[in-house]
Amino acid sequence: MDKTADLLPGTLDMLILKAVSLKPLHGYGVLLRIRQISGDALDIPQGSLYPALYRLEHQGLIAADWGQSDNNRRAKYYSLTAAGRRRLREETAGWNRLVSAIASALNTTSEEI
Amino acid sequence: MFPRLGSLLRVLTSRRNFEAAMNEELRFHIDRYGEDLRRSGVLPEEALRRARMEFGAFDSVREDCREARGLYLFDELARALRYSARLLRKSPGFTATALLTLALCLGANLAIFAVIDAILIRPLPFPDAGRLVTMYNTYPKAGVERDGSSVTNYYERRGRIPAFSSLSIYRFGTSILGEPGSSERRPVMLVSPDFFTTLGAGPALGSIFTDAETTYRTDDVAIVSDAFWREHFGADPHVIGRTVLADGRLRTVVGVLPPGFRFLSSTARLYLPLPSSAENRSPAERHSGGNVIQMIARLKPGATLAQAQSQIDAQNAALEQDDPQANMMADAGFRTLLVPLHADQVAAIRPTLLLLQAGVLALLAIGAVNLVNLLLIRASARSKELAVRQALGARRRHVVTEAVVETTLLTLTGGLLALAVGAAGIRLVAALGANRLPLGTGIHFDARLALVAFAAAVVLGVVLAAPFAWFGIRLQPSGALQSEPRGGTAGRTAQTVRHSFVVAQIALALVLLTGTGLLGLSLERAMAVSPGFQSGHVITGQISLVGNRYPSREAGLAFVEKLVGELGHRPGVLSVGLANNIPFSGANGKSAVAVAGHVLRPGESPRGHYSYGVGGDYFRAMGFSLLAGRFLTAADSRREIRVCVVDQDFARYYWPGGSALGRRLFQGAETGPDAQAFTVVGVVGSIKQSGLTDDAAQGAVYYPYIYRPESDLFVAVRSGVQPGSLQTALRTAVRSIDPGLVVADIQTMDDRIAESLLDRRSPAALAAAFSGIALLLIAIGTYGVLSYAVAQRRREIGVRMALGARPEQIGGQFLWLASRLLAAGSILGMIGAWITGQAMRAILFHVPAHSPAILAGSAAVIAAISFLACLLPARRAARISPVQALAEQ
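All residue numbers refer to position in the chain's written sequence, counted from 1. Chains carry letters and ligands carry numbers; both start at the beginning, A for chains and 1 for ligands, and go up in the order they are written. Given that this is a predicted model, residues contribute local features only at a pLDDT of at least 70 and side-chain atom pairs are listed and counted only at 80 or more, while totals for whole chains, interfaces and linings are drawn from all residues.

Caption draft 1: Region of interest: the overall build of chain A. To qualify as a helix, a DSSP run of H or I must reach at least 4 residues; to qualify as a strand, a run of E must reach at least 2; elements of each kind are numbered from the N terminus. A count of helical and extended segments in chain A gives four helices and three strands. Scanning chain A from its N terminus toward the C terminus, one meets helices and strands in the order α-β-α-α-β-β-α. A compact globule built from 113 residues would reach a C-alpha radius of gyration of about 13 Å, whereas chain A, at 17 Å, exceeds it by more than 25%. Partly exposed residues are those whose C-beta has more than 12 but fewer than 20 other C-beta atoms within 10 Å; with 20 or more the residue is buried, with 12 or fewer it is exposed, and the C-beta atoms are placed from the backbone. The buried share among the 113 residues of chain A stands at 27%. In chain A, of all internal contacts separated by at least 6 residues, the share reaching a separation of at least 24 is 52%. This radius of gyration counts C-alpha atoms alone. The globule rule is 2.2 Å times how many residues there are, raised to the power 0.38. By the convention adopted here, residues make contact when the C-beta atoms placed from their backbones lie within 7 Å.

What follows is the structure, encoded as structure tokens:
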């Protein structure tokens, strides 16, 4: 559990969009996929996943469809919409800018001032 | 925005599906997680428990999901609605009081608003109706304020006033339609050819009249209304060219008006040309309007009323230069006044209507204040509950939403009831004579009114919730939970607000009552005025000598004499007379009279006087009093020597101090040869000509019928029996002389007088009804607030009684509170009453705008009601048993 990090506010939406961009997933699948692609570093509180999914669907960034799950149960699968793809691109770019800016700020040494 | 709206709509339209799908999805998650846990070696039961636990509170997740889909507001609204409905059901007494208050107050407002809307607000039913104007000649210094327009005016102005795109004249008339003797007299309108052009609403079928159709010989054409066309011609599309029989003359139909065409309040279904002769159109007839013919015009786009007025003034000035009577007209203050048509129609009734609306709004304010007070009291009683709920995490937003939802639920339900009350109210005001007001035929209940009611209910709901919501927000949970046990008294602010509302209520009620008192006293004073003749036992009716049997004044006189003879023999008839007009008939024109030997004083103008031609024994039939000389008799019309009778006002004006008998006067504005002079043979008492409140002593002259013959006649019959029983006798007598004639407008003189007071009686009756409701409301309000005060202070009272306070002291304390509220309310109310009195000046009759007696009386009534209302709570306070009061809690 030491390896897991708390989510920064606002990053959950981004992670969900990323997760469903690879392949349509049901809610539980999203949870597993995020855990997997973050190398088990990020653990999402389970209860907060669904309100986020519903919000993204409400905003038209992801779409939901009912399908068969691997154990033959009906499940709701989420996939990325065109608007969602755009948003993911923007957020990724924004995140990268932020990370590099903060990294460069943190790497500054006294000589560089 | 759109995907969200779409998703919200989808969810709302299939709410049950949404919930089921959500549950299924969340369960799937928990099950799958549990499975994975089992697979990793956790025991099955433990796995499910852990899956559930790690998922978090199921219900709160669902709630968050709903909120994420924008469902929050709807859910909260539904919850608040259920909560409010439950609360309201739990206190049926309060709910019933509130609903009744709302229904009465809103309903009364709706009914009055319907009248205001139809008469004052809605534009006339013509395109661009704001451009329609009317104009009339006025001779204020001669005592003739309004004289209509003359045919000459029309022909002189037509096409010559650049500011008008169209100008026309009209007069109201009646016609006997169909076969002689077979039908009744119907209202018709006589109009100039451009009448419909001016209004902007031409015939739907056929054409308008032509100029060639405006002479007495060529006017045998007609334009019919849509209803007439359907009824008499079966909606025949080829009706043009067919004929209709009116007053015994065949007229060719040239046009059919569109459905819904209505000019002002006219109920005419037949429109005829307004015929005139070359003589009628000559400059000599320019000032002969007599308030019979009215003129309307349409302003050109861009032209203003002021421009049109100055053009008319300029034309009048140019025309009067050649007029031999120019000086006289200038002395009389002659002008042509231009007024917007709509405003002119409603000018007389406007102040009364606005006043009634103000009164009924005051009633609504009283009702609203009452409701706010009741709500506040309930809120205070629930303050602990609210505090507990807030302490348990109820958001303030919830509390406010609930307040707004509760009051809106109340006002909307009240609004629904108010629609019913309003619909009944509209029928009531119609019965009180509102539909006889100018444009009053348009008063009805419609969607527009329902919309107004709905809007008013919603606004009222929010307004009512405002103070409650304010208190809800300010309420500190800890304070509310403690306040009672510790202090035993209610929150000071809340109490002050409740008390100031009672004060406001009393003030408003006092204003309303005072206004009603002023109206009532005016009515009483008006009713106490003697009409100047003995109106009891007189029946009157109107006859128009139409058809071609009355070519000359002699023929008219012959009819008059025959009718007098015929009726005089009927049992019960005491005397019979005819006149070309009678008092209170609603149309009393004045004519110029020149008195021999009277030299105009500087600044004095020749005066218009009521002038009548009378036949038979008119003065005895009407019950005039004879002051000097003799009455005119039937024989005076048959004698060569010209005589007349004047009234006291006339005699006093021209011969103050001297005798009028033997003096001579002339019809018209100028004296003439001796042969045309009328010698005064009698002076009769002055009578009220147009209404009991008519204060002007204008003077009247009565000529023998032959010297002032008009085809419109009124017959008056005095009887020793019930006058109503003579109706049939009147009808048959006229028919036996000429089957082509009809007696219209048969009424007893007393009824005519009563009807003339309608514009005072009905507003007074309505105001009285409003005041009654207001008194009921303040009784409820005062009772509610004091009862609550007593209940709140039970403990305090118990303590004081235990310490030796006497019951009278306790009771007295609450009476003292009531009198303080009453005193404050009365002082405020008196200020309001003073302002109201000022505003009412115009419609008061012989009553000062500030009557101390009425004010004191109103205050006394309110005081009595308030004291009665607080007697019960005060007695309850005095009877509180200290042991019980202290043992509670």
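On we go.
Caption draft 2: Up close: the overall build of chain B. Helix and strand content of chain B: 28 helices and 21 strands. Taken over the C-alpha trace, chain B has a radius of gyration of 38 Å; the compact-globule value for 889 residues is 29 Å, which it surpasses by more than 25%. If one aligns the C-alpha atoms of chain B with their principal axes, the spans along those axes are about 135 × 75 × 55 Å. With 889 residues in all, chain B has 43% of them scored as buried. For chain B, the proportion of contacts with a sequence separation of at least 24, taken over those separated by at least 6, is 83%.

Caption draft 3: The confidence of the model for chain B, seen in detail. Residue and element names in this part refer to chain B. Taken residue by residue, chain B gives an average pLDDT of 86. The fraction at 70 or more is 94%. Averaged pLDDT values over the elements of chain B bottom out at 48 in helix 17 (residues 477-487) and peak at 96 in strand 9 (residues 294-299). Ignoring residues within four places in sequence, the model shows residues 483-490, a span with pLDDT below 50, making 10 contacts including any to other chains. Here the predicted complex carries an ipTM of 0.87, next to a pTM of 0.76. On a scale of 0 to 100, pLDDT captures the predictor's confidence in every residue.

Caption draft 4: Seen up close, unusual backbone geometry. All names here are of chain B. Even without glycine at this site, D128 takes up a positive phi of about 50 degrees. Mapped onto the elements, D128 comes out in the loop between helix 6 (92-121) and strand 1 (132-138). The class of D128 is exposed, set by 11 C-beta atoms lying within 10 Å. A positive phi angle, close to 60 degrees, is found at H537, a residue other than glycine. When you line up the elements, H537 lands in the loop between helix 18 (492-528) and strand 11 (538-544).

Caption draft 5: Examining the interface of chain B and chain A more closely. With 19 residues of chain B at the contact, the number on the chain A side is 17 residues. For the side of chain B that touches chain A, the element with the highest residue contribution is helix 2 (residues 15-39) of chain B, accounting for seven residues. Residues are sorted three ways: Asp, Glu, Lys and Arg are charged, Ala, Val, Leu, Ile, Met, Phe, Trp, Tyr, Cys and Pro are nonpolar, and all the rest, Gly among them, are polar. Tallied by class, residues from the side of chain B that touches chain A come to nine nonpolar, four polar and six charged.

Caption draft 6: The sheet that holds strand 3 (residues 74-80) of chain A, seen in detail. Residue and element names in this part refer to chain A. Two strands qualify as a pair provided that DSSP identifies no fewer than 2 bridges between them. Taken together, the three strands give an open sheet; going across it, the order is 1-3-2, and neighbouring strands pair in antiparallel fashion. Looking along the sheet, the strands with just one partner apiece sit at the ends: strand 1 (25-26) and strand 2 (62-68). Relative to strand 3, strand 1 is paired through two bridges, and the arrangement is antiparallel. Paired with L25 across the strands is Y78, a residue of strand 3.

Caption draft 7: Structural context of the pairing of strand 3 (residues 185-191) of chain B. Residue and element names in this part refer to chain B. The element strand 3 is largely enclosed, with a buried count of five among its seven residues. Relative to strand 3, strand 2 (residues 164-176) runs antiparallel, the two being bridged by seven bridges. Paired with R171 across the strands is L190, a residue of strand 3.

Caption draft 8: Main features of the confidence of the model for chain A. Of the residues in chain A, 92% have a pLDDT of 70 or more, and the chain-wide mean is 84. Mean pLDDT across the secondary structure elements of chain A bottoms out at helix 3 (residues 46-58) of chain A, with 86, and peaks at helix 4 (residues 82-106) of chain A, with 90.

Caption draft 9: Up close: the packing of helix 13 (residues 350-381) of chain B against helix 24 (residues 758-792) of chain B. All names here are of chain B. Here, axes are lines fitted to C-alpha atoms. For helices the fit covers the stretch in contact, and angles between N-to-C directions go from 0 to 180 degrees. For the pair helix 13 and helix 24, the least separation of the axes is 10 Å and the interaxial angle reads 15 degrees. Between helix 13 and helix 24, the interaxial angle falls into the category roughly parallel. Relative to helix 24, helix 13 is oriented so that their crossing is left-handed. With respect to orientation, any angle under 35 degrees is reported as roughly parallel, any angle over 145 as roughly antiparallel, any angle of 65 to 115 as roughly perpendicular, and every other angle as oblique. A crossing counts as left-handed when the near helix is turned anticlockwise from the far one by less than a right angle, and as right-handed when that turn is clockwise.

Caption draft 10: Structural view of the domain arrangement of chain B. Note that domain bounds follow an automatic or database assignment of domains. Taken as a whole, chain B is organised into domain 1 (20-65), domain 2 (71-131 + 346-487), domain 3 (145-331), domain 4 (492-517 + 763-783 + 791-889) and domain 5 (546-740). Relative placement of domain 1 of chain B and domain 3 of chain B: their C-alpha centres are 88 Å apart.

Caption draft 11: Expanded view of the nonpolar core. A set of buried Ala, Val, Leu, Ile, Met, Phe, Trp, Tyr and Cys residues, joined to one another through C-beta atoms within 7 Å, is what we call a nonpolar core. Among the nonpolar cores identified, the biggest contains 156 residues, and L363, I506, A509, L510 and A774 of chain B are the most heavily contacted of them. Discounting chain neighbours no more than four positions away, the residues touching L510 of chain B are G825, S826, G829, M830, G832, A833, S858, A859 and I862 of chain B.

Caption draft 12: Representation of the environment of G608 of chain B within the structure. Residues and elements named next belong to chain B. By secondary structure assignment, the location of G608 is in strand 14 (residues 608-616). Linking G608 and A669, residues 61 residues apart in sequence, is a C-alpha distance of 8.6 Å. When residues no more than four places from it in sequence are discounted, the contact partners of G608 are Y139, A142, G143, V144, K590, S591 and A592.

Caption draft 13: Structural view of the environment of Q722 of chain B. All names here are of chain B. Of note, Q722 is situated in the loop between strand 20 (712-719) and helix 22 (727-737). Accessibility expressed as a C-beta count within 10 Å gives 11 for Q722, which makes it exposed. In this structure the C-alpha to C-alpha distance between Q722 and A466, which are 256 residues apart in sequence, comes to 62 Å.

Caption draft 14: Examining the environment of K562 of chain B more closely. Note on placement: K562 of chain B falls in helix 19 (residues 553-568). Sequence separation of K562 of chain B and R50 of chain B is 512 residues, and the distance between their C-alpha atoms is 116 Å.

Caption draft 15: Broad picture of the packing of helix 1 (residues 11-22) of chain A against helix 4 of chain A. All names here are of chain A. For the pair helix 1 and helix 4, the least separation of the axes is 10 Å and the interaxial angle reads 125 degrees. Considering their axes alone, helix 1 and helix 4 lie oblique with respect to each other. The interaxial crossing formed by helix 1 with helix 4 has left-handed handedness. Contacts between helix 1 and helix 4 involve M14, L17, K18 and S21 from the former and G84, R85, R87, L88, E91 and W95 from the latter. Class assignment of the residues belonging to the contact of helix 1 with helix 4 gives a composition of four nonpolar, two polar and four charged.

Caption draft 16: Region of the structure containing the pairing of strand 5 (residues 221-224) of chain B. Residue and element names in this part refer to chain B. Neither face of strand 5 is exposed, since V221 and I223 on one face and A222 and V224 on the opposite face are all buried. The pairing of strand 5 with strand 8 (residues 270-273) spans two bridges and is antiparallel. From the neighbouring strand, V224 faces strand 8, where its bridge partner is L270.

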